[in-house]
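# Coordinates in review
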Amino acid sequence: MPDFQSWVTGHQHRFEDVLRRLLPAGDVAPQRLHQAMRYSVLDGGKRVRPLLAFAAGEVTHAEPERVQVAAAAVELIHAYSLVHDDMPCMDDDVLRRGKPTCHVEYDEATALLVGDALQSLAFQLLSAHCLNDDAARQLEMVKLLAVASGSRGMAGGQAIDLESVGEQLALPELEQMHIHKTGALIRAAILLGAHCGKAEQAQLVALERYAHCMGLAFQVVDDVLDAEADTATLGKTAGKDADNDKPTYVTLLGARQARQMASELHSAALDALRPLGTPARRLQELADFIVLRKY
Ligand code: GRG
């Protein structure tokens with residue numbers, strides 16, 4: 001079995017090829033839109049959600065060819081959310097993944113269409129490829145991603161985020177915001193990866209618990225990094241939360257307690273995996289990676 005770092009880089013390289021293949025070619029009309037879609041998705045990002053999908057697929061012995069399509073659908077939704085989030089009407093940022101944001105490199109109207117088209121492509125992938133021998137289960141998978149990315153999931157979390165600028169939220173409210181904004185898509189990645197195989201109920205219960213903890217842990221660490229890391233390391237503008245007067249785990253708890261919270265969520269995530277045994281090894285290692293990451 002390869003060590004964790006080789007497993008990660010192997011999957012990242014193969015997944016990059018998958019995305020290159022699934023995205024429309026840049027020389028096919030409308031060229032500018034297709035080029036901007038490729039610009040926004042390829043050559044960047046940690047690919048945490050796809051890695052979580054691959055690791056969850058290992059638990060249910062899913063075929064990697066199926067998981068990679070589900071992982072691509074989630075990553076396209078993630079990329080769309082970043083493109084829209086960076087636009088002047090939202091977070092108004094100029095740097096993403098170490099390069100100019102989509103609306104800076106292209107223009108605002110193109111960035112809007114890139115997000116729209118990436119979202120549509122995600123659902124096209126989920127419905128056009130066979131991801132499970134049971135058609136009803138595959139339909140459930142489409143619904144899962146739709147709910148995770150819509151107003152009861154990521155988009156809803158973003159709406160709460162925009163409303164909370166300048167507000168001091170209580171911890172449960174902050175948690176609700178992030179369960180939707182960040183956690184919903186992380187949960188979807190894990191469950192979709194698992195559903196590409198024969199997922200048993202007990203496995204799904206364990207994966208749900210793990211996903212809940214990792215979704216929150218991811219955001220707590222993101223808040224700490226935003227406050228403490230530099231722009232060059234992050235590849236996006238550091239200190240944006242404070243600049244935008246946004247409530248975060250760091251403003252609410254202080255950096256030390258926020259790190260403590262991440263560490264408790266990490267332990268709870270590992271506890272959740274225990275019943276799954278050795279096949280959950282990559283999920284375990286990803287939990288370590290997500291909590292200890294520096295960017
Ligand atoms: C516009 C509908 C809509 C939603 C936007 C995800 C999101 C909601 C906004 C992104 C802003 C942000 C900093 C969110 C918090 C955590 C997060 C999702 C960080 C970025 O994810 P990474 O670190 O990014 O996985 P890479 O670039 O590695 O893929």
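Whatever comes next refers back to the structure up there.
Quick caveat: nothing in here was measured; it's all calculated off a predicted structure.

## Details of the site of the ligand
In the vicinity of the ligand, 19 residues are found, and the nearest of them are Lys46, Arg49, His78, Asp85 and Arg97. In the environment of the ligand, an oxygen atom lies 2.8 Å from a nitrogen or oxygen atom belonging to the side chain of arginine 49. In the environment of the ligand, an oxygen atom lies 2.8 Å from a nitrogen or oxygen atom belonging to the side chain of arginine 97. Calculation on the ligand without its partners gives an accessible area of 700 Å², and the protein chains cover 92% of this total. Elements that contribute at least two residues to the shell around the ligand include exactly helix H4 (64-85), helix H8 (154-163), helix H9 (171-195) and helix H10 (201-228). The biggest single contributor to the shell around the ligand is H4, with six residues.

## Focus: the environment of histidine 11
In this fold, histidine 11 is placed in helix H1 (residues 4-22). A residue is classified by how much of its surface remains accessible, and histidine 11, at 14% relative accessible area, is buried. Considered as a pair, histidine 11 and asparagine 244 are 233 residues apart in the sequence and their alpha carbons are 35 Å apart.

## A word on the nonpolar core
Nonpolar side chains in soluble globular proteins tend to end up buried together. With 98 residues, the main nonpolar core has Leu52, Leu76, Leu118, Leu145 and Tyr210 as its most contacted residues. Counting residues per element, this core draws most heavily on H10, which supplies 14 residues. If near-sequence neighbours (up to four positions away) are discounted, leucine 118 is found in contact with Leu23, Met37, Val41, Leu76, Ala79 and Tyr80.

## What about the state of the cysteines?
Per the stated rule, a full pass over the model turns up zero disulfides. Of all cysteine sulfurs, the one in cysteine 89 lies closest to cysteine 102, which takes part in no disulfide; the gap is 13 Å. On the accessibility criterion, cysteine 102 (5% relative accessible area) is buried.

## Some words on helix H7 (residues 135-149)
Counted at 1.5 Å a residue, the expected span for H7 with its 15 residues is 21 Å, and the 22 Å between its end C-alpha atoms agrees. Taken together, the buried positions of H7 are occupied by Gln138, Met141, Leu144, Leu145, Ala148 and Ser149. Relative to the axis of H7, the buried residues are bounded by an arc of 110° and lie together on one face. For H7, the exposed residues lying more than 90 degrees away from the buried face are Ala135, Ala136, Leu139 and Lys143. Next to the buried residues of H7 lie H4, helix H6 (108-128), H8 and H9. Where H7 begins, the capping side chain belongs to aspartate 134, and its oxygen is found 3.0 Å from the backbone nitrogen of alanine 136.

Analysis parameters
Residues numbered from 1 in each chain as written. Predicted model: local features only at pLDDT ≥ 70, side-chain atom pairs only at ≥ 80, totals over all residues. Heavy atoms only, no water. Near = heavy atom within 4 Å. Polar contact = N/O pair within 3.5 Å; in protein donor to acceptor, adjacent residues only side chain to side chain. Areas by Shrake-Rupley, 256 points an atom, 1.4 Å probe, with all protein chains shown as cover. Helix = DSSP H or I, 4+ residues; strand = E, 2+ residues; numbered from the N terminus. Buried < 20%, exposed > 50% of the residue type's maximum accessible area, 1.4 Å probe, protein only. Core = buried A, V, L, I, M, F, W, Y, C linked by side-chain atoms within 4.5 Å. Contact = heavy atoms within 4.5 Å. Disulfide = S-S within 2.5 Å. Expected span 1.5 Å × (residues − 1). Arc of directions from axis to C-beta.

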